[in-house]
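The lines below spell out each chain.
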Amino acid sequence: MKITYHGHSAVAIETDNHHRLLIDPFITGNPLSDLTVDDVKVDYILVTHGHGDHLGDTVQLANNNQATVIAIPEINHFVNKFGVKKIHSLNIGGSYDFPFGRVKMVFAQHSSGYESGDTMVYMGDPAGFILEIDGKVIYHAGDTAYFSDLTLLREDFDIDLAFLPIGDNFTMGPVDAVKASTAVSASTVVPIHYNTFPVIKQDPEEFVRLLPVGIGQALAVGESINY
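About the thresholds
- Sequence positions are assigned chain by chain, starting from 1 and proceeding in written order.
- Only residues with pLDDT of at least 70 get local features here, since the model is predicted, and only at 80 or more are side-chain atom pairs given and counted; chain-wide, interface and lining totals rely on the full set of residues.
- Excluding hydrogens and water, the side-chain figures rest on all heavy atoms present in the structure.
- We count a stretch as a helix when DSSP gives it H or I for four or more residues in a row; a strand needs E for two or more, and each element gets its number in order from the N terminus.
- Radius of gyration here is computed from C-alpha atoms only, and the compact-globule reference equals 2.2 Å multiplied by the residue count raised to the power 0.38.
- Per-residue accessibility, obtained with a 1.4 Å probe over protein chains only, is compared with the maximum for each type, and a residue is labelled buried under 20%, exposed over 50%, and partly exposed between these values.
- Throughout, a contact is declared for two residues whenever any of their heavy atoms are within 4.5 Å.
- When DSSP locates at least two bridges between a pair of strands, those strands are taken to pair.
- Fitted lines through C-alpha atoms serve as axes, helices being fitted only where they are in contact, and the angles separating the N-to-C directions of these axes extend from 0 to 180 degrees.
- Any pair of Phe, Tyr and Trp rings, taking the six-membered ring for Trp, is counted once the centres come within 6.5 Å. Such a pair is stacked with planes under 30 degrees apart, edge-to-face with planes over 60 apart, and tilted for the rest.
- UniProt positions are given in the numbering used here, feature names are shortened, and annotations may be inferred rather than shown by experiment.
- Take the buried residues of types Ala, Val, Leu, Ile, Met, Phe, Trp, Tyr and Cys, join any two whose side-chain atoms come within 4.5 Å, and each joined set is a nonpolar core.

Brief notes about the overall build of the protein
Assigned secondary structure in the protein consists of six helices and 15 strands. Over its C-alpha trace the protein gives a radius of gyration of 16 Å, about what one expects of a compact globule, namely 17 Å for 227 residues. Summarising its shape, the C-alpha atoms of the protein cover approximately 45 × 40 × 30 Å along the three principal directions. Taking all 227 residues of the protein together, 54% fall into the buried category. A separation of at least 24 residues holds for 58% of the contacts in the protein among residues at least 6 apart in sequence.

Quick notes on the sheet that holds strand β5 (residues 68-71)
Across the sheet, seven strands lie side by side as β6-β5-β4-β3-β2-β1-β15; this open sheet has mixed pairing. At either end of the open sheet lies a strand with only one pairing partner, and these are β6 (87-89) and β15 (224-226). Taken over all neighbouring pairs, the strand axes of this sheet differ in orientation by 20° on average, direction set aside. Most of the contacts of helix α2 (residues 58-65) go to strand β4 (residues 44-46), to which it runs at about 165°, and overall it touches β3 (20-23), β4 and β5. Packed on one face of the sheet, helix α3 (residues 73-80) meets β5 and β6 and runs near 160° to β6.

Focus: the side chain of Ser181
Structurally, Ser181 is set in helix α5 (residues 174-184). Here Ser181 falls in the buried class, since its relative accessible area comes to 6%. Aside from chain neighbours lying at most four places away, what touches Ser181 is Leu164, Ala186, Val189, Leu211 and Ile215.

Digging into the packing of aromatic side chains
Going through the model one piece at a time under the given rule, you end up with seven aromatic pairs. Ring geometry for Phe26 versus Phe197: centroids 6.5 Å apart, planes at 40°, classification tilted. Remark: Phe197 occurs in the loop between β14 (188-192) and α6 (204-210) and Phe26 occurs in the loop between β3 and β4; sequence separation between them is 171 residues. Look at Phe26 and you get buried, because its relative accessible area is 7%. Accessibility expressed as a relative area gives 30% for Phe197, which makes it partly exposed. One aromatic cluster is present, built from ring pairs that chain together Tyr44, Tyr96, Phe98 and Phe100.

Topic: the UniProt feature "domain: Metallo-beta-lactamase" (unreviewed entry) in the protein
In the UniProt entry, the feature "domain: Metallo-beta-lactamase" (unreviewed entry) is given for residues 7-193. Across residues 7-193, helical content stands at 19% and strand content at 32%; the span's end C-alpha atoms are separated by 8 Å.

Structural notes on the environment of Asn17
Among the secondary structure elements, Asn17 is positioned in the loop between β2 (11-14) and β3. Counting along the chain gives 125 residues from Asn17 to Gly142, while the straight-line C-alpha distance between them is 25 Å.

Topic: the pairing of strand β9 (residues 113-116)
Across four bridges, β9 lies against strand β10 (residues 119-122) in antiparallel orientation. Across the sheet, residue Ser116 finds its bridge partner in β10, namely Thr119.

Quick word on the nonpolar core
Counting residues in each nonpolar core, the largest one holds 71 residues, and the members touching the most others are Ile13, Leu46, Phe100, Leu131, Tyr139 and Ile159. When residues no more than four places from it in sequence are discounted, the contact partners of Tyr139 are Val106, Phe129, Ile130, Leu150, Leu153, Ile159, Leu161, Ala162, Phe163, Leu164 and Val184.

Structure (structure tokens):
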């Protein structure tokens, strides 16, 4: 399995059986992205919540690739109106076995709405994902604050890799992300959701230094981890 960071909160996964996943595909308008929408090949798109910097290019990517969108029902209702036909809706606490592995949707403490002209469209509750793929467990927290129930994740999962936001202002900052890392007890923690905009400017290496030795790994945009 190959896992690649593409800036902000966008994470791509290619499984051993060559299923291609993309989480929170914010490409257009993302100054840190190394991707071009028309060049992306993807089978499944997972969306944590409806803010534009996470929903991103979901509609175009799904339509270009006939990809399946995995998200909360309100997001899937929204993208369906723009021609996306292949959708699978999950809700908080729900799990499902896909051809690539199992996905569970879990709580995030945030908000979720999409700006459409002068209207804010309700996009359901924000979420994170636990993915069980190729014998590994990956946690993508989406956008979240630190909250004590994060400790419940380690009761059910031995998390190998966690992607945690550190940008502050809209999500938890580095200090709370360290607490979240302890709460979920992941073997490896990768920071996401930072430096895309001035208001979320952070030093990912400083975050890594706040963690126990060997836990944190700040990935450059386009850098991969292989399992």
